[in-house]
Amino acid sequence: MSDEAPFELSYDRGTVLVAGGPAGFDHATLPGVRYDPRTSTHRAQGRHYRGLVEHLVRNKIAYTDTARGWDNKPCGWKLTDSRVPFPHQLEAVAEWWAARGRGVVVLPTGTGKSFAAALAIEKASRPTLIVVPTVVLMTQWCLDLQRMFGVEVGQVGGGDYDFRPLTVTTYNSAFIHLERHAHKFGMMVFDEAHHLPGSTFQEAAIGSLAPYRLGLTATPERQDGAEAMLPELIGPIVFRRDIQQLAGEYLADYTAKVVYVDLTPDEDESYRRNREHYRRWIADKGISLSGPNGWQKFIFEASKSPDGWEALRAHREQKRIERQASGKFKALDDILKRHAGERSIIFTADNATVYQIARQYLVPAITNQTKAKERKVILEKFHSGEYTVLVSCQVLNEGVDVPAASVGVVLSGSGSVKENVQRLGRILRKYGDKQATLYEIIARGTAEEYTSDRRRQHGAFQ
């Protein structure tokens, strides 16, 4: 077939157009290629670019390629960072490279996932796009990469639009600007890769032509099971180490403690009355909150009648009592006194409780409503020791570097194992000879006991 007319590969909005080739050849027999009746062309999603080119090369089929928008020569990235890689970082990159530069690396928070990624970027030596969940993380990655490689790093997101051979962007921006960048990078790094299977976020991986792909996460599992998509979007899990495997040498030693408190008689009576009220109402409506879309069905049905609104109010009230039981604040008092002077983070399930704690203890709060500049100042003062206590809802669950923190207090949270592991991870980064402690304060005799049991189904808590 080498004497026939060559195939022609070109780029079009996150896809590879395939034209030319021998007369009468069925292009749809090529890997990933499908006929597009809208344009009367044959095209493949960007993620099939590598497999398509490898098929042509392996079978000695002639082709021209204008789809690839990067120079297919080593960039010559060289790490200027003088640190010595940890064995698990070197092993992770070796396994990723052995898997032909595709795959997910699972490492606990605080064990150097970003430096492992830098080692992989140096190894692949191609223009690289790093995708992260938040603007705060984007800024952090840019600073780290500039320090590690000594080059200017582009930023796309949060008002910035600066594509460079080494660029960091957010998942949202990667999706928004997909058509502009999908053919310009030979490597993609997906930080907190468990976000990628989201319905829009995954498009950044589907449309990209990048042959080299690296996913980083401490917790790949998702409640919807969509982590099953990661192998086709990035590659399989090629390396994994859990918290208990690295604690002590590469993470701080830690203990995880559960503290039970009792509701007062008044709280207990109100809790049970409200719980019985809404449970009776959803039973009459045939709704199961643990079933598929259970919460959405509850909201939808409750909005139709005054009785429904009253049931919803009862649900919220029993949750409030569970999360803000007076005994929890007494236990929190004891913990903060016991660890006076240590850097402590208090986690809650809702902003209302965050602000209540902030007012009661006169400590800084970080929520989704906290501006980036204010958040940066708070975290800097926390790290320096000017602030010793922070309270937050969910925004500190992942991707924020607070190495000085040694005490975590979970006042309330979801039943998600991922969330609990992430909260533990916030206090595990090595920092001197610190001993980390994670406390869970649970209201005895409430649904919170079941929630706690669910979120502790991980080896780190056994």
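Residues numbered from 1 in each chain as written. Predicted model: local features only at pLDDT ≥ 70, side-chain atom pairs only at ≥ 80, totals over all residues. Heavy atoms only, no water.

Engineer: So what's going on with the sheet that holds strand β18 (residues 407–410)? Which residues, and what values?
Structural biologist: Taken in spatial order, the 6 strands line up as β14-β19-β18-β15-β17-β16 in an open sheet, and their pairing is parallel. The sheet is open, and its two edges are formed by β14 (253–261) and β16 (365–366), each paired on a single side. Strand direction decides the pairing type here: β18 and strand β19 (residues 435–443), joined by 4 bridges, are parallel. Across the sheet, residue Val409 finds its bridge partner in β19, namely Tyr439. Helix α14 (residues 351–361) contacts β15 (344–347), β16 and β17 (389–392) of the sheet and is inclined by roughly 155 degrees relative to β17. (Pairing = 2+ DSSP bridges. Helix = DSSP H or I, 4+ residues; strand = E, 2+ residues; numbered from the N terminus. Contact = heavy atoms within 4.5 Å. Axes fitted to C-alpha atoms, helices over the stretch in contact; angles between N-to-C directions.)

Engineer: Describe unusual backbone geometry, with residues and values.
Structural biologist: Even without a glycine there, the phi angle at Ser40 is positive, about 55 degrees. Structurally, Ser40 can be placed in the loop between β3 (33–36) and β4 (41–45). A positive phi angle is found at Ser125, which is not glycine, with a value near 55 degrees. One can find Ser125 in the loop between α3 (113–124) and β7 (128–132). Judged by its relative accessible area of 6%, Ser125 is buried. (Buried < 20%, exposed > 50% of the residue type's maximum accessible area, 1.4 Å probe, protein only.)

Engineer: A description of the side chain of Gln318 should follow, citing residues and the corresponding values.
Structural biologist: With respect to the helices and strands, Gln318 occurs in helix α12 (residues 306–323). Look at Gln318 and you get buried, because its relative accessible area is 1%.

Engineer: Describe helix α15 (residues 372–384), listing the residues and the values that go with them.
Structural biologist: With 13 residues, α15 extends 18 Å between its outermost C-alpha atoms, agreeing within 8% with the 18 Å of an ideal straight helix rising 1.5 Å per residue. Listed in full, the buried residues belonging to α15 are Arg375, Ile378, Leu379 and Phe382. One face of α15 carries all of its buried residues, which in axial projection span an arc of 95 degrees. Pointing more than 90 degrees away from the buried face of α15 are the exposed residues Lys373, Lys376 and Ser384. Buried residues belonging to α15 abut α4 (135–149), β15, β16 and β17. (Expected span 1.5 Å × (residues − 1). Arc of directions from axis to C-beta.)

Engineer: So, the packing of α3 against α4: which residues are in play, and what are the values?
Structural biologist: Axis separation between α3 and α4 bottoms out at 11 Å; the angle between their running directions is 50 degrees. Judged by the angle between their axes, α3 and α4 are oblique. The handedness of the crossing between α3 and α4 comes out as right-handed. Contacts between α3 and α4 involve Ser114, Phe115, Ala117, Ala118, Ile121 and Glu122 from the former and Trp141, Leu145, Met148 and Phe149 from the latter. Across the contact of α3 with α4, the residue classes tally to 8 nonpolar, 1 polar and 1 charged. (Parallel < 35°, antiparallel > 145°, perpendicular 65-115°, else oblique. Left-handed = near helix turned anticlockwise from the far one by under 90°. Nonpolar A, V, L, I, M, F, W, Y, C, P; charged D, E, K, R; others polar.)

Engineer: Before we move on, can you summarise the packing of aromatic side chains with the specific residues and values?
Structural biologist: Inspection of the entire model under this criterion finds 13 aromatic pairs. For the ring pair Trp281 and Phe298, a centre distance of 5.9 Å and an interplane angle of 45 degrees mean the geometry is tilted. Here Trp281 is found in helix α10 (residues 265–285), whereas its partner Phe298 is found in helix α11 (residues 294–302), with 17 residues between them in sequence. The exposure class assigned to Phe298 is buried, which follows from its relative accessible area of 0%. Through pairs of rings, three or more aromatic residues link up here, namely Tyr278, Trp281, Trp295 and Phe298. Note that Arg83 overlies the ring of Phe115, its terminal NZ or CZ placed 4.2 Å from the centroid. The side chain of Lys184 reaches across the aromatic face of Phe163, ending 6.0 Å from its centre. (Phe/Tyr/Trp six-rings, centres within 6.5 Å; stacked < 30°, edge-to-face > 60°. Lys NZ or Arg CZ within 6 Å of the ring centre and 35° of its normal.)

Engineer: Residue-level account of the pairing of strand β2 (residues 15–20), with values.
Structural biologist: The two faces of the sheet receive side chains in turn, since in a regular strand these alternate between them. Direction of pairing for strand β1 (residues 7–12) relative to β2: antiparallel, over a ladder of 6 bridges. When the sheet's bridge partners are listed, Leu9 is paired in β2 with Val18. What sits between the antiparallel neighbours β1 and β2 is a turn of 2 residues, in which Arg13 has the positive phi angle 50 degrees. In terms of strand pairing, β2 meets β4 through 4 bridges, oriented antiparallel. Paired with Thr15 across the two strands is Gln45, which belongs to β4.

Engineer: Describe the pattern of salt bridges, and please don't skip the residues or the numbers.
Structural biologist: A complete count under the given rule lists 30 salt bridges for this structure. In this structure, Arg43 engages Asp12 in a salt bridge whose closest nitrogen and oxygen atoms are separated by 2.8 Å. Of this pair, Arg43 sits in strand β4 while Asp12 is found in strand β1, placing the two residues 31 residues apart along the sequence. Assessed through its relative accessible area of 18%, Asp12 is described here as buried. The partner of Arg100 in a salt bridge is Glu54, with the nearest N and O atoms 2.4 Å apart. Of the two residues, Arg100 sits in the loop between α2 (87–98) and β6 (102–106) while Glu54 sits in helix α1 (residues 49–58), which places them 46 residues apart along the sequence. Looking at Glu54, the relative accessible area reads 28%, which means it is partly exposed. The network of salt bridges with shared partners includes Asp12, Arg13, Asp36, Arg38 and Arg43. (Salt bridge = Lys/Arg side-chain N within 4 Å of Asp/Glu carboxyl O.)

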